[in-house]
Amino acid sequence: MESARADSAWPGPVWPASARVLPSGGLAVGGVPLAELADRFGTPSYVVDEDEVRARARAWRAALPDADVAYAGKAFLTRAMVRWVEEEGLHLDVCSAGELELAAHAGFPGERVVLHGNAKSPDDLRTALRLGVGRVVLDNTGEVARLAALVPPGARQKVLVRVVPGIEAGAHAAVRTGVEGQKFGLSVDGGEAADAVARVLGQPRLELVGLHCHLGSQITSVDPYLAAVRKLVPFLSTLRDVHGVTFPELDLGGGFGIPYRDGEPTLDPAEYAARVRAELALRCAHVDLPVPRLAVEPGRWIAGPAGVALYRVLAVKVSGGRTFVAVDGGMSDNPRPALYGVRYTVRLAGRAGAAPDRPMTVVGRHCEAGDVLAEDVPLPGDVRPGDVLAVPASGAYHLSMASSYNLVGRPPVAAVTGGRARLLVRRETPADLWSRELPD
Ligand SMILES: Cc1ncc(COP(=O)(O)O)c(C=O)c1O
Ligand SMILES: N[C@@H](CCCC[NH3+])C(=O)O
């Protein structure tokens, strides 16, 4: 293998820190050339840089050593990922019995798991109790009695109540969960949150340890989190006045944004920690409340920048004055451009040094015109079938949102570290796809 060396101009912040341009012009991540990975594991495929995941998990632990940092598994979850975040001392946020079972199978301690969901099924709740999850976040009033009825006599389940602070934050309407009038949580202003708290306090088998809110996703400023503190601390003070109780925990959720293209902002954990801590201390002092222990739930911020998606170019054509580069994946492995209009960076993996001098539109192989991976991105004019394209910031909400559309099969995941690659998840095969069908 060629030895990797740094290049001054790029790779930039949208790539894993280990990304290097090799003397041949190829791009390597984790010490492994991406073109080599494309040959070995096929395309499309996802590559995840283990060291990047671990470094990002550590950045949150270092910023908030006295808080619980729960990795939001919905962003990207495999057994290896569960082990990495467990070893880095994180907690884990799950939102289904499936994610919970996977975490348990990978040996993640139940006590460090928090279960979310606006519509938890009886199976979700039973599995949570069976596996001994540390916290269940209640999201509707009906759930209070449903959960309490499942807790065995003599036991108590720790819970939080998810509240809606009425704060607008997040990159797209579909991922704004702190505003009124959407499906998550219980409104502070509307009185539903106070009602739920009263109900939980009336359930001897539930132990209410605090409030939870999650504002939304891809948030790049700390300001909305400060606004959440300013909203929730007075509410905690009212609850103390009404019920005579104070709660030891406050979970402010996740949503921390990352860059998808050069020059885009990211949220800095150290800045978040300093400003949120200061605001919390100040607001609690104002109303004479003990400062609760903080919890945060980064998903995208930890997994996103660690992932690179690889595609092989199948066709290049000019049509209607535009150049289309068609690849062997698409909206089945990355629905995010279609869902949220996200714009990605694209480079040639094998000829990374070639000047990206023409705007081209990278499209997938699926049966709809909206199957566009990257619109008008600069690529070298001589891009041709057989070239491998690398798309950074593909670690979060790619595999976890992949589908079997057109029975193309979901891509494999290869982990890289220290110049070695290993397959974590194999490619979904046609047999996997039709094996669930019953005989006629
Ligand atoms: C409750 C909760 N916590 C954490 C997250 C993680 O979000 P992100 O990946 O944007 O950090 C989500 C998803 O938005 C969520 O719903
Ligand atoms: N799935 C979204 C984010 C939603 C986060 C989960 N609550 C994305 O791809 O950006």
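Rules behind the numbers
- Residues numbered from 1 in each chain as written.
- Chains lettered and ligands numbered in written order.
- Predicted model: local features only at pLDDT ≥ 70, side-chain atom pairs only at ≥ 80, totals over all residues.
- Heavy atoms only, no water.
- Near = heavy atom within 4 Å.
- Polar contact = N/O pair within 3.5 Å; in protein donor to acceptor, adjacent residues only side chain to side chain.
- Areas by Shrake-Rupley, 256 points an atom, 1.4 Å probe, with all protein chains shown as cover.
- 1 Å grid on protein atoms, 1.4 Å probe; cavity = no way out; pocket = protein on both sides within 12 Å on 5 of 7 lines; lining within 4 Å.
- Sits in = over half its atoms within 2 Å of the grid points.
- Nonpolar A, V, L, I, M, F, W, Y, C, P; charged D, E, K, R; others polar.
- UniProt positions renumbered as here; feature names shortened; annotations may be inferred.
- Helix = DSSP H or I, 4+ residues; strand = E, 2+ residues; numbered from the N terminus.
- Buried < 20%, exposed > 50% of the residue type's maximum accessible area, 1.4 Å probe, protein only.
- Lys, Arg positive; Asp, Glu negative; His and termini not counted.
- Salt bridge = Lys/Arg side-chain N within 4 Å of Asp/Glu carboxyl O.
- Contact = heavy atoms within 4.5 Å.
- Points joined across faces, edges and corners; volume = space filled by probe spheres on them.

Around ligand 2 sit K74, V175, S217, R300, R336, Y340, Y397 and M401, and those are all the residues in its vicinity. At 2.8 Å from an oxygen atom of ligand 2 is found a side-chain nitrogen or oxygen belonging to R300. Separating a nitrogen atom of ligand 2 from a side-chain N or O atom of Y340 is a distance of 2.9 Å. Within the complex, the protein chains bury 81% of what would otherwise be the 310 Å² of accessible surface of ligand 2. With respect to the pocket detection grid, ligand 2 is positioned in the largest pocket.

The next point concerns the site of ligand 1. Around ligand 1, the structure places 16 residues, and the nearest of them are H214, S217, E297, R300 and Y397. A distance of 3.0 Å separates an oxygen atom of ligand 1 from a polar atom in the backbone of G299. Summarising the interface, the protein chains cover 92% of the accessible area of ligand 1, which totals 390 Å² for the free molecule. A breakdown of the residues in the shell around ligand 1 according to their chemical character gives four nonpolar, seven polar and five charged.

Mapped onto the present numbering, the UniProt feature "active site" (unreviewed entry) falls on C367. The residue C367 is located in the loop between β17 (358–363) and β18 (372–379) in this model. Looking at C367, the relative accessible area reads 61%, which means it is exposed.

Next up on the list: the side chain of E99. Assignment of secondary structure puts E99 in helix α4 (residues 97–105). Within the buried core, E99 has no salt-bridge partner, and the shortest N-O distance to an opposite charge, that of K74, equals 6.1 Å. A polar side-chain atom of E99 sits 2.8 Å from the main-chain amide nitrogen of C95. If we ignore the near neighbours within four places in the chain, the residues touching E99 are G73, K74, L77, D93 and V94.

Let us now look at unusual backbone geometry. Look at the link from T43 to P44: it is a cis peptide, with omega at -10 degrees. Positionally, P44 belongs in the loop between α1 (34–41) and β4 (45–49).

Moving on to the layout of surface pockets. Taken as a whole, the largest pocket holds about 550 Å³ of empty space. Lining the largest pocket are 27 residues, and of these K74, T177, F184, H214 and Y397 sit closest to its centre. The class makeup of the residues in the lining of the largest pocket is nine nonpolar, twelve polar and six charged.

This next bit is on the UniProt feature "binding site: substrate" (unreviewed entry) in the chain. As annotated by UniProt and renumbered to match this structure, "binding site: substrate" (unreviewed entry) occupies R300, R336, Y340, E368 and Y397. Taken along the chain, the residues just named run across 98 residues; in space they spread out, the farthest C-alpha pair reaching 27.4 Å. As for the largest pocket, its lining draws on R300, R336, Y340 and Y397 from among the annotated residues. As for its position among the elements, Y340 is in helix α11 (residues 336–340). Those residues in contact with Y340, other than ones at most four positions away along the chain, are H172, A174, V175 and M401. If we ignore the near neighbours within four places in the chain, the residues touching E368 are M331 and Y405.

So, on to empty space enclosed by the protein. Counted under the stated rule, the structure contains four cavities of 30 Å³ or more. Considered as a void within the structure, the largest cavity measures approximately 120 Å³ in volume. D68, H91, V114, R135 and A295 are, among the 13 residues lining the largest cavity, the residues nearest its centre. For the lining of the largest cavity, the elements supplying multiple residues, two or more each, are β5 (68–72), β7 (113–115) and β12 (249–251). Here the residues of the lining of the largest cavity sort into five nonpolar, one polar and seven charged.

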